[in-house]
Amino acid sequence: MTNFPNLIDGEWTMGTQSVPNVNPSDTNDVIGHAASATTEEVEQAIEAAAAAQVGWGKSTPQQRFDVLDAIGTEILARKEELGDLLAREEGKTLPEGIGEVARAGQIFKFFAGEALRIPGERLDSVRPGVEVDIRREALGVIGIITPWNFPIAIPAWKSAPALCYGNAVVMKAAEAVPGSAWALADIIHRSGLPKGVFNLVNGKGSKIGPVMIDHQKVAGISFTGSVQTGQQVAQGCAKNLKKVQLEMGGKNPMVVLDDADLDVAVDACVNGAFFSTGQRCTASSRLIVTEGIYDAFVAAMSKTVSALTVGDARKAGTQIGPVIDQRQLEKDLEYVQIAQQEGATLVCGGEKIEGSGHFMSPALFIDTANHMRINQEEVFGPVATIIKAKDYDEALKLANDTEFGLSAGICTTSLKYATDFKANAKAGMVMVNLPTAGVDYHVPFGGTKGSSYGSREQGRYAAEFYSTVKTSYMQA
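Given the structure is predicted, the values throughout are model-derived calculations rather than measurements.

The rules we used
- Here the residue numbers are simple positions, counted from 1 along each chain's written sequence.
- For a predicted model such as this one, the threshold for reporting local features is a pLDDT of at least 70, and the threshold for listing and counting side-chain atom pairs is 80 or more; totals across whole chains, interfaces and linings nevertheless cover every residue.
- The side-chain quantities take in all heavy atoms of the structure and omit both hydrogens and water.
- Throughout this description, the term salt bridge denotes a Lys or Arg side-chain nitrogen within 4 Å of a carboxyl oxygen of Asp or Glu.
- With a 1.4 Å probe rolled over the protein chains alone, any residue whose accessible area is under 20% of its type maximum counts as buried; one over 50% counts as exposed, and the rest are partly exposed.
- Only when DSSP finds a minimum of two bridges between them are two strands counted as paired.
- Secondary structure elements follow DSSP: runs of H or I of four or more residues count as helices, runs of E of two or more count as strands, with numbering from the N terminus.
- To get an axis, a line is fitted to the C-alpha atoms, and for a helix only the part in contact is used. The angle between two axes follows their N-to-C directions and goes from 0 to 180 degrees.
- Two residues qualify as a contact provided that any one of their heavy atoms is within 4.5 Å of a heavy atom in the partner residue.
- Joining through side-chain atoms within 4.5 Å is the link that ties buried Ala, Val, Leu, Ile, Met, Phe, Trp, Tyr and Cys residues into a set, and such a set is a nonpolar core.
- The path from the first strand over the helix to the second decides the hand: if it runs clockwise while the strands point away from the viewer, the crossover is right-handed.
- Each patch groups residues whose relative accessible area exceeds 30% and which form no salt bridge, using 9 Å between like charges and 5 Å between nonpolar side chains of Val, Leu, Ile, Met, Phe, Trp and Tyr.
- Residue exposure ignores everything except the shown protein chains as possible cover, and the areas themselves are Shrake-Rupley values with a 1.4 Å probe.
- Here the positive residues are Lys and Arg and the negative ones are Asp and Glu; neither His nor the chain ends is included.
- Each charge is placed at NZ for Lys, CZ for Arg, CG for Asp and CD for Glu.

A. Looking closely at the pattern of salt bridges. Tallied over the entire structure, the rule returns 18 salt bridges. Linking E81 and R78 is a salt bridge whose minimum nitrogen-to-oxygen distance equals 2.8 Å. The class of E81 is partly exposed, set by a relative accessible area of 47%. What emerges from the salt-bridge pattern is a single network uniting E74, R78, E81, D186 and R190.

This is the structure in structure tokens:
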């Protein structure tokens, strides 16, 4: 059993309070205990970050490259070990866990390169003899609040650009997954980064979040989580005039047209809806299928979903692991009941699987209308619905009929419809003949409407949040 302490000003500390870290595949397996930071400890971490950021903000591109590259190198070298820890504490399958760790390493490698090419401009002024210099500088101290469903990738894609652009970090990881956060913090701590530049505080978001938001030395908050909490973060940051970046929910559509390749469509929909136990904000939980292919799609989809292997996340052959905890399992099962009460037909799954873990069989519904709660509210579990549409125009209308706008997909062999969908789907990311979930690390990530607020994450677009622009004038 392992302790997962806080990292404050270069020192590991368990403090006086801790909470158990439990394996959702086997609740008898207590992985370790995580520190639970007090308000005073969070304030200490912020003060340490503010003091350390002054020097780190003046570090050279080579210093930043060396640190970020070292972090990425160690993560990649240990991807099997860290992937096993991730699968054990979060519940996604071992191959998915290893893949996520590899992505985290690639993210740090990408931003190591970006540290060497932070852009700037030099322009002539409209006034004779005056030069204008435009450069990006660090924002300051960044408060990072991360969710449990991607316990190393999301901390990586927030902390790597923060460090790349010269910021200091105070990271609050999700309570359910302290092991992955601790492992990442330990690698960062040993990378050559000056003490205090990166700090980790574990504990309840309701306790730590307000301290970050209200502290005058925190310049910006990057948050990924629920819509309700995101709105509270936005309101607090607005009150305190802090820069804020939010990634929240999704109710993502996957349109399947009559001309789609059936095998491609089923593979994309099963992957998007059910892999990672459906616990992805990019999951395609609404499958909008046109009349001509509807019956064949329902038959093929239900056969494939029924055959998925549910089990221990680390066991070979498992395709669907557990949901994160008992509360999430109860929520998922409640939505299965709500859907049936609204008139939806349960084709397969939707049942609790008895055992020592938080398992349920993947649920697939037909006979659903887009106005139903099951099609408007984010379930965040292995639950998907099929909605029948008359044609492409109706399918597009249904796809956009949601308060969310993160990811949208279409399966079609028509260049005409694929092109139109890319232009007119109201989402920040559009997939053609691919799952709605699964994105590259070097391109921007984010959505529209209620899914995202603020500038994009990942890739070069991360600079928009993690740096500020300074314009200087000089007369020779």
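B. A look at the sheet that holds strand β22 (residues 429–432). Sheet architecture is open: 7 strands sit in the order β15-β18-β19-β14-β13-β21-β22, paired in mixed fashion. Each end of this open sheet is capped by a strand with a single partner; those strands are β15 (345–348) and β22. Recorded for the sheet is a direction-independent mean angle of 25° between the axes of neighbouring strands. Packing of helix α11 (residues 326–341) onto the sheet brings it into contact with β15, β18 (363–366) and β19 (383–389), and relative to β18 it is tilted by some 15°. Lying on the sheet, helix α13 (residues 392–400) is in contact with β13 (253–256), β14 (286–290), β19 and β21 (407–411); it crosses β14 at an angle near 170°.

C. Quick peek at the nonpolar core. Residues F108, F111, F198, V201 and I221 are the most contacted members of the largest nonpolar core, which totals 84 residues. Once you skip the residues sitting within four places of it in the chain, V201 turns out to touch N6, I8, A37, E41, V42, A45, V170, M171, K172, A173, I208 and M212. If you look at the next biggest cluster of nonpolar residues, it comprises 26 residues, including M254, V256, F274 and V305.

D. Quick look at the pairing of β21. Among the 5 residues that make up β21, 5 are buried, leaving the element largely enclosed by the rest of the structure. Burial of the side chains of β21 extends over both faces: S407, G409 and C411 are buried on one face and A408 and I410 on the other. Two elements, β13 and β21, share 3 bridges in a ladder whose sense is parallel. Across the sheet, the residue bridging to M254 is G409, located in β21. Sheet analysis places β21 next to β22, joined by 4 bridges and oriented parallel. Within β22, the position partnered with I410 by the bridge is V432. Chirality of the crossover, the property in question, places the unit of β21, helix α14 (residues 415–424) and β22 among those that are right-handed.

E. Structural detail: a negative patch on the surface. Side chains of D258, E291, D391, D393 and E394 sit close together on the surface and give a patch of like negative charge. Its place among the elements puts E394 in helix α13. Judged by relative accessible area, E394 falls into the partly exposed class, the value being 34%.

F. Looking closely at the sheet that holds strand β5 (residues 26–35). With mixed pairing, the 3 strands of this open sheet are ordered in space as β1-β5-β4. Both edges of this open sheet fall to β1 (2–4) and β4 (18–23), since each of them pairs with a single strand only. The average undirected angle you get between the axes of adjacent strands in this sheet is 40°. Sheet topology note: the β4/β5 ladder contains 6 bridges and is antiparallel. Within the sheet, the bridge partner assigned to P20 lies in β5 and is H33. Contacting β4 and β5, helix α3 (residues 79–90) crosses the sheet at an angle of about 110° to β5.

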